[in-house]
Each structure stands twice: as structure tokens, then as C-alpha cells.
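An overview of the molecular structure
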Amino acid sequence: MSENGRIITRFAPSPTGFLHIGGARTALFNFLYARRHDGKFILRIEDTDQLRSTDESTKAILDAMTWLGLNWDAGPFFQTQRLEIYRETAKKLVAAGKAYYCVCQPEELEKKRKQALAEGRKPKYDGACRDKSLTATPDAVIRFRCPGIGATVVGDMIKGPVTFNNEELDDLVIMRQDGHPTYNFAVVVDDAEMAITDVIRGDDHLNNTPRQILLYEALGYAVPRFAHVPMILGADKARLSKRHGATSVMAYQEMGYLPEALVNYLVRLGWSHGDQEIFSLAELIAFFDLESVGKAPAVFNPEKLLWLNQHYIKECPPEKLAELVIPFWKELGHEVTDRRLAAQVVTDLRERAKTIKEMAAGSAFYFVNDVAFDEAAVKKFLNGDHIATAEASGLLFASLAEENYTKEGIENVLREFAVRTGKKLKDVAQPLRVALTGTTVSPPLDSVMTTLGKQKVIERIQKAVEYAKRVGQV
Ligand code: GLU
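Structure report, in brief. (Residues numbered from 1 in each chain as written. Predicted model: local features only at pLDDT ≥ 70, side-chain atom pairs only at ≥ 80, totals over all residues. Heavy atoms only, no water.)

Take the state of the cysteines next. Counted under the stated rule, the structure contains 0 disulfides. Looking at C102, it has no disulfide partner, and the nearest cysteine sulfur is the one in C104, 3.8 Å off. (Disulfide = S-S within 2.5 Å.)

Structure below.
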């Protein structure tokens, strides 16, 4: 059914929660593989678990994919809108004798399961209804008739061939009493109907794959290629979970990460290309392959993600960066509408902020009417002698002609002032920094001062001096 040999991949999340890091990596690999081969990337929402699937989760997943730029070419398809297809297909299997109705009750099955465990046997459906030729009744499920002999080999593109003994495989339920398909059945029908050529997914599904291959064969479908990607672990080698940090993709947006950083980080969780760490999207599309996906689980390293984020912040054009910071400023109570000022502010911060959130917090001082003074900073740098220094330098800036109020001009004033008063440059700069920003840590003073503008600088110095006098530092 493939479209003239064209590669078709899919991401098939169950909408039972947000898009997490592992799911996003699976989506990314499928997306890149399709793009690399000029193929097609399909999004399918596996929402047949009615109790756990929610519309909010679907929306959260779509939002996260969009944020990451993982654009799909077709879908989203919803399995709940395809129920008729599964029902018809299952009936065909029954008619061909490859599946059968089963009326074993859950309590009965549970009893048998416990008994098997107690006797040290692997629990397995005992085939009680296998040869009863039952017909459809409201309480019947449909089970697939597993061959029970021979072996099924998954020719995995990452793990190599993995052999499963068919004897180990149950006569699995493919349709539930409520007329909904089970995961293994729906996934096969859909992957075949949607002409998926390459199934790339987490290796927690590897054990499902032989069952799925048997279903493909029973249905007369072509079996796709499979690639099972190793898990993502935390630093302690346990499966990645909340205690290792945020696992939701959108939590990273909220923490001020750029999607480019997350994409770059995710792709390296399991895939490598020499020792290159930083990839543009175009490079990823040109280089991504499954041969270079490792067999060992990948370990999640938040510091590396932060490092990449800092890299992408530095690279981001100021106008674009400003748009990203604006919502974070808003959250801090600053409605920033002056795009030119915003771009200037982010340029001041670009070299130092690791996240957009940090950038917003570290630049809030630009937008306030009254600087929030850090008490310790005031005590240390806006006392006695220092306060006179700030006052005097303020007067110097006030007398600086507008055309000389440049980074260079400001620096000259500071240097000359330091030489004339016999002070270290630092002892001139720190009181000013505290006066202008409220703290001892800020972007370079000349940047802060040009961005704030002469008027504000003079005003802030005056206010700081008044404040310092008021709180009794002199
Ligand atoms: N809905 C399944 C999941 O989210 C999809 C598995 C698959 O890709 O086949 O795990």
C-alpha cells in the first residue's frame, strides 16, 4: 500500500496526559526520518481508552508538537472516529477463522491467572473459547487466534533481529465487549491503512511487535519496518520521571527554554553524528538516520539542555528574542510594548541569560519606575563615600552632551572620574550599578546606561541617593 516507495512515518500518542520528553523524542525521530527521506509524517491520536483519554491532553500534545515545530503532513486522525473500520476488520478475521468470539468472564480469567502464578506457570489465556465457534453476543470479546507454534522475528533497525517464540504469545483480545479495539489491533489496522512504512517508537513496545506482526500476516498486510528506540533514563539510571526534573515538554516552555534548544537536546538523546553537538534543523534533516541511534538507553542531562538553551538564546536575533520575553515580562507585571526598547534590553542580556525566564527576571529593572533595592547591595555599595561617588558621577552624566551619551562616552566619563579621584573603576561602577539596577549583578554598565537613556539614568541616581540617605546609610 506504500505510496511508490515513499517513506511514511507516524507519531501515535495516547491522549492520557501532556507530551513528555520521551514522546517528543519519538515524534522528533519520526518527523526527521520522514523529512530526511522526503517522506510523509502522520499524526494519529490513539484515544480508544475512553476512561483515560481527554480532549485537554489531545490539545496539550498538539500544542507541544506545534511549539517544537514538529509539523505533521496528515492528521490528526482519531481512532475513535475509525471504530467501524476496526469492527469490520475484526469480523473479517473471525469469518476467516483467524479470530473468535470469547465469553470468558474477567473473574474467571483472573482466577486462572492467579492459579497459574501460584503453580509457577506463566499466565496465558487457556483457549477455553477457541474452538467453540461462538457467535457475536453483547458480552463477547474477539480474540486473535495465535499460531502457538514457530517463532516471530522482529527485524529491528536499531536492535537487530529479535526472536520471539510464538508459544509465549496469548490469543490476545482484539475487540473489547464495548466494541472498541485494543491497542495492538487498532495500531496494526491503522498502520496498514495509513501505509506506514517505518514504525519508530519506544522500546517499551518491543514485546507488542511480534503480536502485531502476526496480525499483519493474518490480515494479509505488508509488514512495515520497525525501529525501537531505547528508553530515556535519569542520572541515577532509573527510567526518566518527575523526580529527575520536568518531563512535560510545555513545562520547558514555561521555564524559558527555546524550542530549538529542546529539539537539539532531544535528538542527541540516543542519536549521534560524530561528536557534533549543535545542529540546525536543516542539518538534522540532512543527517538523521536510524543507523546512528544507539542501542543503549540515553541519560537525561538537564545541565546540557541548559547549555544548549544558552547557546540558542545567544544566537537568537534580538527582535525574535524580544517577542519571546514579552510574555515573561508580562507575568512579572511589566507590559512592554516598545519593541525597539525590548530588543535593546534583550541584547544587553543575551550573553548572560540561560533561560528566557531568567532573562525576564534579570531585566525587569529596566521597566520599573522605582528600582527595587537589594538591601545587602545598598549596605555594601551605597554608603558613605560611595554615595558621594554616585552623586558626583550623576552630575557628570547630566553634563554630558546628548551626542556623547554613548557607550564609549560613558566609559570615558567613568574612567576619567576614577583617575581624578584615585579610585578603582570597580568602586565607581558598583555604586552606580546598585543605583540603576538595585543589585550588584547586571549586564555591563555602559549597556544598561545607554538602554535606559540619559534622563532615566540621572533620575535613578538621584532617587537612589535619596533612598540611601533615607535608610540611614550616610
Ligand atoms: N499509543 C501508543 C503509545 O502512546 C503508540 C505506540 C506505537 O507507536 O505503536 O504508546
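Attention now moves to unusual backbone geometry. Leave glycine aside and you will find that most residues have negative phi; peptide bonds, for their part, are mostly trans. The peptide bond linking G75 to P76 adopts the cis configuration, its omega dihedral lying at 5 degrees. Tracing the backbone shows P76 in strand β3 (residues 74–78). In this model, S133 sits at a positive phi of 50 degrees, which is unusual for a non-glycine residue. Relative to the helices and strands, S133 resides in the loop between α4 (106–118) and β5 (141–144). A positive phi angle, near 70 degrees, is found at K237, a position not held by glycine. (Helix = DSSP H or I, 4+ residues; strand = E, 2+ residues; numbered from the N terminus.)

This next bit is on the packing of helix α16 (residues 407–421) against helix α17 (residues 425–437). Interaxial distance between α16 and α17 falls to 8 Å at its minimum, and their mutual angle equals 125 degrees. With respect to α17, the element α16 is oriented oblique. Here α16 runs over α17; the crossing is right-handed. Two secondary-structure elements touch here, α16 through L414, R415, F417 and A418 and α17 through L425, V428 and L432. Looking at the contact of α16 with α17 residue by residue, the classes come out as 6 nonpolar, no polar and 1 charged. (Axes fitted to C-alpha atoms, helices over the stretch in contact; angles between N-to-C directions. Parallel < 35°, antiparallel > 145°, perpendicular 65-115°, else oblique. Left-handed = near helix turned anticlockwise from the far one by under 90°. Contact = heavy atoms within 4.5 Å. Nonpolar A, V, L, I, M, F, W, Y, C, P; charged D, E, K, R; others polar.)

Turning our eyes to something else, we now look at the layout of surface pockets. Of the pockets and cavities examined, the largest pocket occupies roughly 960 Å³. Lining the largest pocket are 35 residues, and of these S14, H20, G23, D204 and H205 sit closest to its centre. Every element with two or more residues in the lining of the largest pocket is listed here: β1 (8–11), α1 (21–36), α5 (183–193) and β9 (198–202). Tallying contributions element by element places α1 first for the lining of the largest pocket, with 5 residues. Tallied by class, the residues present in the lining of the largest pocket amount to 13 nonpolar, 13 polar and 9 charged. (1 Å grid on protein atoms, 1.4 Å probe; cavity = no way out; pocket = protein on both sides within 12 Å on 5 of 7 lines; lining within 4 Å. Points joined across faces, edges and corners; volume = space filled by probe spheres on them.)

The next subject is the site of the ligand. R10, A12, P13, S14, E46, Y183, V187, R201 and H205 make up every residue found near the ligand. Contact between the ligand and S14: a nitrogen atom at 2.8 Å from a side-chain N or O atom of the residue. Here R201 contributes a side-chain N or O atom positioned 2.8 Å from an oxygen atom of the ligand. Computed on the free molecule, the ligand has an accessible area of 300 Å², of which 80% lies beneath the protein chains in the complex. The site holding the ligand turns out to be the largest pocket. Within the shell around the ligand, the residues separate by chemical class into 4 nonpolar, 2 polar and 3 charged. (Near = heavy atom within 4 Å. Polar contact = N/O pair within 3.5 Å; in protein donor to acceptor, adjacent residues only side chain to side chain. Areas by Shrake-Rupley, 256 points an atom, 1.4 Å probe, with all protein chains shown as cover. Sits in = over half its atoms within 2 Å of the grid points.)

Taking strand neighbours across the sheet as the criterion, the 3 strands line up as β1-β2-β3 in an open arrangement whose pairing is parallel. Each end of this open sheet is capped by a strand with a single partner; those strands are β1 and β3. Pairwise comparison of adjacent strand axes, ignoring direction, gives a mean angle of 25 degrees for this sheet. Where strand β2 (residues 40–45) and β3 come together, 3 bridges link them in parallel fashion. In the strand pairing of β3, R44 is matched with F77. Contacts from α1 reach β1 and β2 within the one sheet, and its direction differs from that of β1 by about 165 degrees. (Pairing = 2+ DSSP bridges.)

Between its terminal C-alpha atoms helix α10 (residues 302–315) stretches 20 Å, which fits the 20 Å expected from 14 residues at 1.5 Å a residue. Every buried residue of α10 is accounted for by K304, L305, L308, N309, Q310, Y312 and I313. Against α7 (249–254), α8 (259–267), α11 (318–331) and α13 (356–363) lie the buried residues of α10. Looking at where α10 begins, the residue whose side-chain oxygen comes 3.1 Å from the main-chain nitrogen of E303 is N301. (Expected span 1.5 Å × (residues − 1). Buried < 20%, exposed > 50% of the residue type's maximum accessible area, 1.4 Å probe, protein only.)

The quantities given are spatial measurements derived from coordinates; they are silent on function.
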